[in-house]
Amino acid sequence: MTDTPGHDERQMQAALREAVAASDSGDVPVGAVVVRDGRIIGRGHNQRERLNDPTAHAEMIVLTAAAASVGSWRLEGCTLYVTLEPCAMCAGAIVLARLERLVFGATDPKAGACVSLYTIPTDERLNHRVSVTGGVLENECAAVLRDFFARQRAMGKK
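Residues numbered from 1 in each chain as written. Predicted model: local features only at pLDDT ≥ 70, side-chain atom pairs only at ≥ 80, totals over all residues. Heavy atoms only, no water.

K.L.:
What's the story with the side chain of His45 in this structure? I'm lost.
P.N.:
With respect to the helices, strands and loops of the structure, His45 is situated in strand 2 (residues 39–45). A polar atom in the side chain of His45 sits 2.9 Å from the side chain of Glu18. With sequence-adjacent residues up to four places away left out, His45 is seen in contact with Glu18, Ala21, Ala22, Val30, Gly31, Ala56, Ala58 and Ile61. (Helix = DSSP H or I, 4+ residues; strand = E, 2+ residues; numbered from the N terminus. Polar contact = N/O pair within 3.5 Å; in protein donor to acceptor, adjacent residues only side chain to side chain. Contact = heavy atoms within 4.5 Å.)

Structure below.
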């Protein structure tokens, strides 16, 4: 089975590289990859600033890329790796995409909708549930975010 702790860490490293790409383009450094059968089938990072699109979260970008890769919106048998716990919009999209697993790095106590504020992916009232694993490379994922916002504050930005 490919969903071992070591496998999860390797895939989260790929998501972290996407987060750095977001930061390099001036966006909040959240990165994501979708994996099926041990192979990355989609990559994405936050592009809200670049696209002037409030829905251009890493998760939304990567779900679109993965769906295009497999030729279906149904991402059954796939795992999403993302550096930050998804928000309500993204958690809903994850359920709708029929993902098997969600693996995230840092929790988001202000907007997280998977374990922090809500538990959308595992809500038994929904017609599909997604297995959730949090805290994979949590310190590394949180550090990328902390460093980005420290730089933003140093430049006088929010």
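K.L.:
Sorry if this is basic, but what is going on with the pattern of salt bridges here?
P.N.:
Where charged atoms of side chains with opposite charge meet at close range, the side chains can pair. Using the criterion set out here, one finds 2 salt bridges in the structure. Arg101 is paired through a salt bridge with Asp8; the nearest N and O atoms lie 3.0 Å apart. Of the two residues, Arg101 is situated in strand 4 (residues 101–106) and Asp8 in helix 1 (residues 5–24); the sequence distance between them amounts to 93 residues. For Arg125, the salt bridge goes to Asp123, with nearest N and O atoms at 2.5 Å. A residue is classified by how much of its surface remains accessible, and Arg125, at 75% relative accessible area, is exposed. Judged by its relative accessible area of 17%, Asp123 is buried. (Salt bridge = Lys/Arg side-chain N within 4 Å of Asp/Glu carboxyl O. Buried < 20%, exposed > 50% of the residue type's maximum accessible area, 1.4 Å probe, protein only.)

K.L.:
What's the story with the sheet that holds strand 1 (residues 31–36) in this structure? I'm lost.
P.N.:
Each strand in a sheet pairs with its neighbour through backbone hydrogen bonds, running either in the same direction (parallel) or in the opposite one (antiparallel). With respect to topology, 5 strands assemble into an open sheet ordered 2-1-3-4-5, the strand pairing being mixed. Of all strands in the sheet, those with a lone pairing partner are strand 2 and strand 5 (131–133), marking the two edges. Strand-to-strand twist of the sheet, defined as the mean angle between neighbouring strand axes without regard to direction, takes the value 20 degrees. One ladder, built from 5 bridges, connects strand 3 (residues 78–84) with strand 4; its direction is parallel. Bridging from a neighbouring strand, Leu84 pairs with Ala106 of strand 4. Together, strand 3 and strand 4 form the strand contacts of helix 5 (residues 138–154), whose direction differs from that of strand 4 by roughly 60 degrees. (Pairing = 2+ DSSP bridges. Axes fitted to C-alpha atoms, helices over the stretch in contact; angles between N-to-C directions.)

K.L.:
Looking at this structure, how should I read the environment of Leu117?
P.N.:
Its place among the elements puts Leu117 in the loop between strand 4 and strand 5. Residues Leu117 and Met89, spaced 28 residues apart in sequence, show a C-alpha to C-alpha distance of 13 Å.

K.L.:
Teacher, can you tell me more about the state of the cysteines here?
P.N.:
In protein structure, a disulfide is the covalent linkage between the sulfur atoms of two cysteines. Taken as a whole, this structure holds 0 disulfides when the rule is applied. For Cys141, which is in no disulfide, the shortest distance to another cysteine sulfur is to Cys114 and amounts to 14 Å. What makes Cys141 buried here is its relative accessible area of 1%. (Disulfide = S-S within 2.5 Å.)

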